[in-house]
Each structure stands twice: as structure tokens, then as C-alpha cells.
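Next come the chains, spelled out residue by residue.
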Amino acid sequence: MMQSLWCCIIRKMDLEARSLQPNVKAVLLAKLREYKSDLNNLKSEHKRLASANSNQAARDDLLESGMADAMSVSANQRGRLMMSTERLNESSDRIKESRRTMLETEELGVSILQDLHQQRQSLLHANDTVFLLLKVPYRLHLLTGKFEGKDERKRLMRKGGRKNK
């Protein structure tokens, strides 16, 4: 916008200088050529700086977006890492609780097996005692039977001896 204004002013000056007397005209046209040259140099410089600024701005935009992306990625990774750490801690807690439950169950099982062993020993002892007690009457019967048999024989002998007499 500014460039076209300066170009327009220089054109008007050129038209005016051409309409003046030849001795003034030559000096003014030389100055106008100088102004045009300066204006063209300024245009070139402006384009170069604008291009550099736009490149720098584009570079800055890329870097800023890259930094924002990196920060976003970093925040995202940090969030995932925190979630993973939390899940790992929860899993560790569950493993510890399971281990504690397993040890309690093992202790209970050992206690039950010891009780069963003691009950087995008691039952075996009771069985032996009952067997011994059952043997006693049988032996007594045998013994008394033998004695009864002797008594019976003696009685029969006495009866038989009486009959014979």
C-alpha cells in the first residue's frame, strides 16, 4: 500500500519535472532517477526483510508448535506414565494381599492336618482299646468254658458214678 503511494508521488513529480524548463528539468529528472533507484532499493530491502521475517515467523511458528506438540506429548506421556505406575502399584497391592491370603490358608491347612493326625491317633488308640476289651470276654469265655467243661465232666462223672453204683 505504502509502495504504491510512493510510486504515485514519484510519477507525479516526474510529470511535473518534464513540464518545466529544460535547465531545471534536467536537474530534477536526475534527482527523480536517484529517488526511483532509492525507492527500488528500499522495495528490494523490504521484500528481503519481509521474506526473512516471514521465514523467521514461519520458523518461530514451527518451533512454537513443535514445542507445544512436545509439551503436549510430554504431558500425555507423563499422564500415561502416572496411570501405568498407579496400575502397577494396584497390582503389587493385590499380589501382596493374595500372598497374605495364601500364607493364612497354608497355616490353616497345616493346623487342620495336625488336628486330623491327632484325631487319627486317638481313633487308632480307641480301636486298639476296644479290640483288647473285646478279646477279654472271649478269652474269659474260653477260660470259663474250659472250667465249665471240667465242672460238667466232673458232674457227669459223679452222676454216672451214682448210676453205676
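Look up a bit, the structure's there.
These numbers come from a predicted model, not from an experiment. (Residues numbered from 1 in each chain as written. Predicted model: local features only at pLDDT ≥ 70, side-chain atom pairs only at ≥ 80, totals over all residues. Heavy atoms only, no water.)

Draft legend 1. Broad picture of the overall build of the chain. In terms of helices and strands, the chain carries two helices and zero strands. With an accessible surface of roughly 15000 Å², the chain has 61% of that area assigned to carbon and sulfur atoms. (Helix = DSSP H or I, 4+ residues; strand = E, 2+ residues; numbered from the N terminus. Areas by Shrake-Rupley, 256 points an atom, 1.4 Å probe, with all protein chains shown as cover.)

Draft legend 2. Quick peek at the pattern of salt bridges. If you walk through the whole model with that rule in mind, you get four salt bridges. One salt bridge in this structure joins Asp14 and Arg18, with 3.1 Å as the shortest N-O distance. Of this pair, Asp14 and Arg18 both sit in helix H1 (residues 2-18), four residues apart, which is roughly one turn of the helix. Note on Asp14: relative accessible area 13%, which makes it buried. (Salt bridge = Lys/Arg side-chain N within 4 Å of Asp/Glu carboxyl O. Buried < 20%, exposed > 50% of the residue type's maximum accessible area, 1.4 Å probe, protein only.)

Draft legend 3. Representation of the nonpolar core. With six residues, the main nonpolar core is built from Cys7, Ile10, Ala17, Leu29, Leu32 and Leu39. For this core, the secondary-structure elements that each account for two or more residues are H1 and helix H2 (22-164). Filtering out sequence-adjacent residues up to four positions away, Leu39 remains in contact with Trp6, Cys7 and Ile10. (Core = buried A, V, L, I, M, F, W, Y, C linked by side-chain atoms within 4.5 Å. Contact = heavy atoms within 4.5 Å.)

Draft legend 4. Layout of a nonpolar patch on the surface. Together, Leu5, Trp6, Ile9, Met13 and Tyr35 make up an exposed nonpolar region whose accessible area comes to about 460 Å². Looking at the nonpolar patch, the element that brings in the most residues is H1, giving four residues. Among the structural elements, Ile9 can be located in helix H1. (Patch = residues over 30% accessible without salt bridge, like charges linked within 9 Å, V, L, I, M, F, W, Y side chains within 5 Å.)

So, to be careful, I would describe these as geometric facts and stop short of saying anything about function.
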